[in-house]
Amino acid sequence: EAGDMEVLHATMEIARYQAKTGTKESALAAYENVLALPKLSVGKKLDGHLEMARVCSFWGDWRQMKDVLEKAQKIIASGGDWDRRNRLKAYQSLSNILVREFEPASKLLLGGIATFSCTELCEYPEYIMYAIITNLLFLKRTELKKNIIDGSEVLQVAKEIPVVLKLANTLYECDYKAYLHTIVDLQPHLVANRYLQPHSGYILRELHVLAFQQFLDSYQSVTLDSMAASFGVGTEFLDMQLSRFIAAGRLTAKIDKYGGVVETNRPDWKNARYQEMIQKGDLLLNRIQKLGRVVDL
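Analysis parameters
- Residues numbered from 1 in each chain as written.
- Predicted model: local features only at pLDDT ≥ 70, side-chain atom pairs only at ≥ 80, totals over all residues.
- Heavy atoms only, no water.
- Helix = DSSP H or I, 4+ residues; strand = E, 2+ residues; numbered from the N terminus.
- Contact = heavy atoms within 4.5 Å.
- Core = buried A, V, L, I, M, F, W, Y, C linked by side-chain atoms within 4.5 Å.
- Buried < 20%, exposed > 50% of the residue type's maximum accessible area, 1.4 Å probe, protein only.
- Phe/Tyr/Trp six-rings, centres within 6.5 Å; stacked < 30°, edge-to-face > 60°.
- Lys NZ or Arg CZ within 6 Å of the ring centre and 35° of its normal.
- Pairing = 2+ DSSP bridges.
- Axes fitted to C-alpha atoms, helices over the stretch in contact; angles between N-to-C directions.
- Patch = residues over 30% accessible without salt bridge, like charges linked within 9 Å, V, L, I, M, F, W, Y side chains within 5 Å.
- Areas by Shrake-Rupley, 256 points an atom, 1.4 Å probe, with all protein chains shown as cover.
- Salt bridge = Lys/Arg side-chain N within 4 Å of Asp/Glu carboxyl O.
- 1 Å grid on protein atoms, 1.4 Å probe; cavity = no way out; pocket = protein on both sides within 12 Å on 5 of 7 lines; lining within 4 Å.
- Points joined across faces, edges and corners; volume = space filled by probe spheres on them.
- Nonpolar A, V, L, I, M, F, W, Y, C, P; charged D, E, K, R; others polar.
- Parallel < 35°, antiparallel > 145°, perpendicular 65-115°, else oblique.
- Left-handed = near helix turned anticlockwise from the far one by under 90°.

Peer 1: What is the right way to read the side chain of Arg84 from this model?
Peer 2: Along the chain, Arg84 turns up in helix H5 (residues 82-98). If sequence neighbours within four positions are ignored, Arg84 has contacts with Gly43, Leu46, Asp47 and Ile76.

Peer 1: I keep staring at the nonpolar core and nothing clicks. Help me out?
Peer 2: Formed by 89 residues in total, the largest nonpolar core has its most connected members in Ile97, Tyr130, Ile132, Leu136, Tyr179, Leu207 and Met227. If we skip the residues at most four places from it in the chain, Ile97 touches Phe102, Ala105, Leu109, Tyr130, Thr134, Tyr195, Leu196 and His199.

Peer 1: Any chance you could explain the packing of aromatic side chains here in plain terms?
Peer 2: Each aromatic ring pair is summarised here by two numbers: the centre-to-centre distance and the angle between the ring planes. All told, the structure shown has eleven aromatic pairs when counted by the stated rule. Between Phe215 and Tyr219, the aromatic rings sit 5.0 Å apart at their centres with planes inclined by 35°, giving tilted as the arrangement. Given a relative accessible area of 4%, Phe215 falls into the buried group. Residue Tyr219 is classed as partly exposed on the basis of its relative accessible area, which comes to 34%. Among the aromatic residues, those joined into a cluster by ring pairs are Tyr176, Phe212, Phe215, Tyr219, Phe231 and Phe245. The ring of Trp82 carries the charged tip of Arg85 above its face, separated from the ring centre by 5.8 Å. Above the plane of the ring of Tyr195 lies Arg194, whose end atom (NZ or CZ) is 4.9 Å from the centre.

Peer 1: Could you clarify how one ought to interpret the sheet that holds strand S3 (residues 261-264) in this entry?
Peer 2: Strand pairing in a sheet relies on backbone hydrogen bonds, with the paired strands running either antiparallel or parallel. Pairing within the open sheet is antiparallel, and its three strands lie in the order S1-S3-S2. Edge positions in the sheet fall to strand S1 (221-223) and strand S2 (253-256), since each has one partner strand and no second. Strand-to-strand twist in this sheet, taken as the mean axis angle between neighbours without regard to direction, amounts to 20°. The pairing of S1 with S3 spans three bridges and is antiparallel. Opposite Val222, over in S3, you have Val262 as the bridge partner.

Peer 1: What is the right way to look at a nonpolar patch on the surface in this model?
Peer 2: A cluster of nonpolar side chains, Leu284, Leu285 and Ile288, forms an exposed patch at the surface whose accessible area comes to about 300 Å². When its relative accessible area of 48% is taken as the criterion, Ile288 is described as partly exposed.

Peer 1: Can you walk me through the layout of surface pockets in this structure?
Peer 2: The space that makes up the largest pocket amounts to roughly 590 Å³. For the lining of the largest pocket, the elements supplying multiple residues, two or more each, are helix H8 (141-149) and helix H12 (200-216). Here the lining of the largest pocket takes six residues from H12, the largest share from any one element. Residue classes in the lining of the largest pocket are distributed as eleven nonpolar, four polar and six charged. One number sums up the size of the second largest pocket: a volume of about 190 Å³. Around the second largest pocket, the lining residues are Arg16, Ala19, Lys20, Tyr31, Glu51, Arg54, Val55 and Phe58. Secondary-structure elements contributing two or more residues to the lining of the second largest pocket are helix H1 (4-21) and helix H3 (42-58). For the lining of the second largest pocket, the leading source of residues is H3, giving four residues. Considering only residue class, the lining of the second largest pocket consists of four nonpolar, no polar and four charged.

Peer 1: Honestly, empty space enclosed by the protein in this entry has me stumped. Any pointers?
Peer 2: Empty pockets left among the atoms are what a rolling probe the size of a water molecule brings to light. Using the criterion set out here, one finds one cavity of 30 Å³ or more in the structure. Here the largest cavity defines a volume of roughly 40 Å³. Around the largest cavity sit Asn86, Arg87, Ala90, Gly112, Thr115, Phe116, Ser117, Cys118 and Tyr127, which together line it. Counting residues per element, the lining of the largest cavity draws most heavily on H5, at three residues. Considering only residue class, the lining of the largest cavity consists of four nonpolar, four polar and one charged.

Peer 1: Is there a simple way to think about the packing of helix H4 (residues 62-76) against H5 in this case?
Peer 2: Between H4 and H5, the shortest axis-to-axis distance is 10 Å and the interhelical angle comes to 155°. Taken together, the axes of H4 and H5 are roughly antiparallel relative to one another. For the crossing formed where H4 meets H5, the hand is left-handed. Each of Trp62, Met65, Lys66, Leu69, Ala72, Gln73 and Ile76 in H4 lies in contact with H5, whose residues at this interface are Arg84, Arg85, Leu88, Tyr91, Gln92, Ser95, Asn96 and Leu98.

Peer 1: Explain the pattern of salt bridges here, please?
Peer 2: Pairing of side chains with opposite charge becomes possible as their charged atoms draw close. A full pass over the atoms with the stated rule returns twelve salt bridges. Of the charged contacts in the structure, one is a salt bridge between Asp61 and Lys24, with a shortest N-O distance of 2.7 Å. Residue Asp61 is located in the loop between H3 and H4, and its partner Lys24 is located in helix H2 (residues 24-35); the two are separated by 37 residues in the primary sequence. For Asp61, a relative accessible area of 18% gives the class buried. Residue class for Lys24 comes out buried when judged on its relative accessible area of 15%. In this structure, Lys66 and Glu101 form a salt bridge, with 2.8 Å as the shortest nitrogen-oxygen distance. Separated by 35 residues along the polypeptide, Lys66 in helix H4 and Glu101 in the loop between H5 and helix H6 (102-111) bring together distant segments of the chain. Ionic contacts of the salt-bridge type, sharing partners, join the residues Asp47, Asp81, Arg84, Arg87 and Glu120 into one network.

In short, shape yes, function no, at least from these values alone.
Structure follows, in structure tokens:
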């Protein structure tokens, strides 16, 4: 006897109850019952998918969360209001963080700063923290200044996220000694955060590489003593860090141990692109050969 809206409301409440008290499977099955209802609007379908994504996030099933959000992306292509579109982008950004796809996450986070409304995922200052940390790794200095350091929305919550904002400022101002100290202060915040904790080691490593690369970009060669003084660390520690990153191909430099000098070795853009294409071509050929062997069998 109940109408469509009453049935939708009751079915959604059952799904939400299962999400709070049941297993992941029972909760997702309950939401599938919601999505199977007839005459369901695009907006309600999106709401159901977003809540399913949140269930997957709670249970740590990042792969299924991404699958659910991909389905939501296809649905929103046929309609949907701006609020739900913005909410979907917020969910996608955190999903990207969870699978360590920081570059697409940084773009979505930056674009959603002015429109964030998903407080069921995280608080606004926390969202700004994600935006700052991810964008530090990819934004150019001019864009970092405009969008992060001088961003009006960022400045509104500056008192609530002093460590990450100091990290951005010290990097922009080339105060590398203060920057490394701020990285130390940042580490407990990363470890305590459910989205960033699995990637805390990676983030800290990338932040170190970022500072070393920015410093070396200003020189053709620099002494280890001078660089160590700028970063406020010992020469042995700096030598160990640089050696590790150079060996991994993260820094384009070489160390003259006898002279105590770091020499930068920046390849030009065309050669770098050429080498990248050669490497990708070799990888593709290897995969084709493996596939050919499998087909022959």
